[in-house]
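Next come the chains, spelled out residue by residue.
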Amino acid sequence: MTATVVTPSSPIATAAGRARDWLTNPKYGPVIVTAVLLVGMFVVGASRYRGFTNPQVIANLFIDNAYLIVLAVGMTFVILTGGIDLSVGAVLAMSTMIAASLLQAGWPPAIIIPLILVATSLLGLAVGLMIHYFQIQPFIATLAAMFLARGLCYVISKTTISITDPVFIALAQTRIPLAPRLSITPSVILAIGLVIVAVVVLHYSRLGRTVYAIGGSEASGVLMGLPVARTKVLVYVISGFCSGLAGVLYSFYTLSGYALTAIGTELDAIAAVVIGGTLLAGGYGFVLGSVLGVLVLGTIQTLITFDGNLTSWWTRIFIGALLLVFIVLQKVLTARRT
Amino acid sequence: MTESQPAVSMENISIEFPGVKALDGVSFRMFPGEVHSLLGENGAGKSTLIKALTGVYRIDSGVITLAGEEVSFHSTAEAQAAGVSTVYQEVNLLTNLTVAENIMLGREPRRFGFIDWRATRARAAELLAKLHLDIDPNSRLGSHSLAVQQLVAIARATDIHARVLILDEPTSSLDADEVQELFRIIRELKADGVAILFVSHFLDQVYDISDRLTVLRNGKLVGEYLTDELLRIELVQKMIGKELTVLEDLERKTKQQTVDEHELTPYVRAIGLGRKGSIEPLDLDVYEGEVVGLAGLLGSGRTELARILSGVDRADAGSLEIDGEAKRIRTPRQSIRDRIIYSSENRREEGIVDELTVRDNIVLALQADRGWFRPIPKKRQDELAESYIQALNIRPANPDALLKNLSGGNQQKVLLARWLAIAPRLLILDEPTRGIDVGAKAEIQKLVSNLAENGMSVLYISAELEEVLRLSHRIAVMRDRRMVADIENDDLTSDTLLAIIADGATTEAVA
């Protein structure tokens, strides 16, 4: 860091230099920008709309987007290695279909939920093996998995299956009070728990560091003697697991299974990860950044709902514009620093 | 030098790639507390041998023993676990992570299963201190210079309680002071009993640091020597080798007609031409109808000079005169317009288009020169292809054959045909005979000689001295990116030339 070497002319200049260093650092820069953006959106919302400052607005952000946070966590692992997973939306839908149909057939939730998680992890394993051992582009391999999962949804049922199981309903409707007039759902707890686990894995385990290493340079990782093959496969297993878990949360949220559900959600997850500051080329990024990304997407939606005059399609337009800005920002930052 | 048990012993190692014997029964050993240099020209098998030792390649036959124990590595991780660590030429670290992480990655101290960052950083700082490297372990590796990154790579290598440390061209990105710093570290490691393999094409450095040398040539072992007992000139001789010439008459012919028209303006004159980090400024004249040989070891700056002359790389010092007129050449397109043609040593990547036919490859440059809106009529294309196939004896004599199906020698001929089709005035041939069979070699040399007779200037780059001596009227010698001699090829012998290449004696042997 240059700012620490340069003789401090004045504390302000040093602080400014340090701030500039942080912003142009590909590791922290985009995350800081996202955080500032999120705060800015809240300030705008609070100044324009009554009721926007209600803490439940924030709680609802988490409630409505718990499944997306889970997807984004898995996606972060994949993108950190420089890969991509297009199958997560379809796998999520497939999970809701499995849950709804097996519940209808009278299976107990205690079996169904682990079954879904194992099945989607196995699908992720298959995708990972395909990518690593047959050297197939992640884009293509996960595209194939996406079609497969979406197709399987229709095999299970062409129509909506609603969920009437008491356990699922209980999990959907339970409110955990945090304060008077402020509550969250069990899904939020699960999602936050997953985020914590992911942070610990990424930053305090060799697996996590290898994920970053692969994103930095796969060839170097191999020459440094890191378990590149295993890790590369594992990130797709993690993403598969997260898709399954997100599917379970989504079925709590909607209490139904439907083949056409969550179309395009994989793109929301990718957008959240990118807006959260993870470099699409891999190697830089944080899970917490992805959570911020999800919250940004959710806040845009909330702002548009509060406004009432804009159609919900404006959400898409804003997300598109933001994404563009962030991709350009990443390009600029990486060009400056490497 | 104690002949104790070797730290590494590789016996009769052979590795075959499709169509090539990369290593042919090579034996190699390293002793603890000794620096061993591996020498050889491009394609001699140095890097293949290293990769065999580090588990990147599997050996087809032979035995590798480590401190008396037979081993067989299937991955670099296994080799590292056994105490063989490597620092590669291009720094193979992760610029996105911190210095500390790069040093410790995969071996971080853990507490309760989690990485103990405090201990990790402390250990990294300790290793950096050992190398007298004063940098913040928490800084991003990418924010440091290549030289520092190289030293960080060595810090990483020394932490893997290395019994064997392989340094593959570690000095190519370092300046003189940094090299001395590196040598100090190497000597310390040596004193600790580490066996060190040092690969470098800088002979000064090799003689400075190594105790023992092993020379490879064409995938075969030439011999193992103690550095003190092998003169530099002998070493170079062993690296380059001498082939018995089948082209004596060609040589005689060349000598007879040594051009004596130097009062004329040269076709191309370089004055103080140089490029930072590539070659030191140098002067060079090439006259019409003259073959100038460019000799020197690998990495001496031969190819760099060719690339600057032809505009592939841009010169940042000096000037260029063509026919006595100052010209600026910034791109290959400009140099081609002035009919200065560069045929790269890297035939596969910078020469042929292997998915196209012989005909398409031959007309490529001519078509580009005419502009893409004036296509060469099919009939003319056929004529061109036919005539060059005949003239250069290209086999198979089929203009529709795909170039990838031709042998190396025939690909080279097609490449020559492509350039001849646009009538070059200065043809720069970089290793035109590398990796092709003897017959084709002779044909190409004959062709060069004929072209010069007809007034074309040729700059002929080759690692094979015999070839350079046979063809050239004048020979320029490059050494450590500097031109150290520019002499008439009158009664030059390969021994004199070797002496210049090895010691850089700037004896201006004027004719």
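Q: Can you tell me about the pattern of salt bridges, naming the residues and giving the values?
A: All names here are of chain B. Counting across every chain of the model gives 34 salt bridges over all chains. With a closest N to O distance of 3.6 Å, R187 and D208 form a salt bridge. Of this pair, R187 sits in helix α6 (residues 176-191) while D208 is found in helix α7 (residues 203-209), placing the two residues 21 residues apart along the sequence. Residue classification places R187 among the partly exposed positions, given a relative accessible area of 39%. Salt-bridge contacts for D204 lead to R479; the nearest nitrogen and oxygen are separated by 3.4 Å.

Q: Go over the sheet that holds strand β19 (residues 426-430) of chain B with me, naming the residues and quoting the values.
A: Adjacent strands of a sheet form backbone hydrogen bonds with each other and so pair up, either parallel or antiparallel. Residue and element names in this part refer to chain B. On the basis of which strands lie adjacent, the open sheet formed by six strands has the order β18-β19-β20-β15-β21-β22 and mixed pairing. The sheet terminates laterally at β18 (340-343) and β22 (482-488), the two strands that pair on one side only. Strand-to-strand, the axes of this sheet are offset by a mean angle of 15°, without reference to chain direction. Note that β19 and strand β20 (residues 457-461) share five bridges and pair parallel. Across the sheet, L427 pairs through a bridge with V458, a residue of β20. Strands in contact with helix α15 (residues 408-420) are β18 and β19; relative to β18, the strand with the most contacts, it is inclined by about 165°.

Q: Kindly report on the nonpolar core, identifying the contributing residues and their values.
A: The biggest cluster of nonpolar side chains holds 159 residues, and the ones touching the most others in it are I103, V152, I186 and L235 of chain B. With 14 residues, the single largest contributor to this core is helix α4 (residues 55-80) of chain A. Residue contacts for I103 of chain B: discarding those within four places in its chain leaves A124, L127, L128, V152, A155 and R156 of chain B. If you look at the next biggest cluster of nonpolar residues, it comprises 36 residues, including A365, V414, L447 and L451 of chain B.

Q: Can you explain the confidence of the model for chain B? Please cite residues and give values.
A: Fine structural detail should not be taken from predicted coordinates in areas where pLDDT scores are low. Residues and elements named next belong to chain B. When pLDDT is averaged across chain B, the result is 83; 90% of the residues are at 70 or more. Averaged pLDDT values over the elements of chain B bottom out at 53 in helix α9 (residues 248-256) and peak at 93 in β20. In the predicted structure, residues 243-248 sits below a pLDDT of 50 and forms eight contacts with residues beyond four places in sequence or in another chain.

Q: Break down the sheet that holds strand β14 (residues 279-286) of chain B for me, citing the residues and quoting the values.
A: Residue and element names in this part refer to chain B. Strand order across the open sheet formed by four strands is β14-β13-β16-β17, with antiparallel pairing between neighbours. Unpaired on one side and paired on the other, β14 and β17 (325-327) mark the two borders of the sheet. With strand direction ignored, the average angle separating the axes of adjacent strands in the sheet is 25°. In terms of strand pairing, strand β13 (residues 268-275) meets β14 through five bridges, oriented antiparallel. Counted as the bridge partner of R275 is I279 from β14. Strands in contact with helix α10 (residues 302-309) are β13, β14 and β16 (317-322); relative to β14, the strand with the most contacts, it is inclined by about 65°.

Rules used in this analysis
- Residues numbered from 1 in each chain as written.
- Chains lettered and ligands numbered in written order.
- Predicted model: local features only at pLDDT ≥ 70, side-chain atom pairs only at ≥ 80, totals over all residues.
- Heavy atoms only, no water.
- Salt bridge = Lys/Arg side-chain N within 4 Å of Asp/Glu carboxyl O.
- Helix = DSSP H or I, 4+ residues; strand = E, 2+ residues; numbered from the N terminus.
- Buried < 20%, exposed > 50% of the residue type's maximum accessible area, 1.4 Å probe, protein only.
- Pairing = 2+ DSSP bridges.
- Axes fitted to C-alpha atoms, helices over the stretch in contact; angles between N-to-C directions.
- Contact = heavy atoms within 4.5 Å.
- Core = buried A, V, L, I, M, F, W, Y, C linked by side-chain atoms within 4.5 Å.
- pLDDT = per-residue confidence, 0-100.

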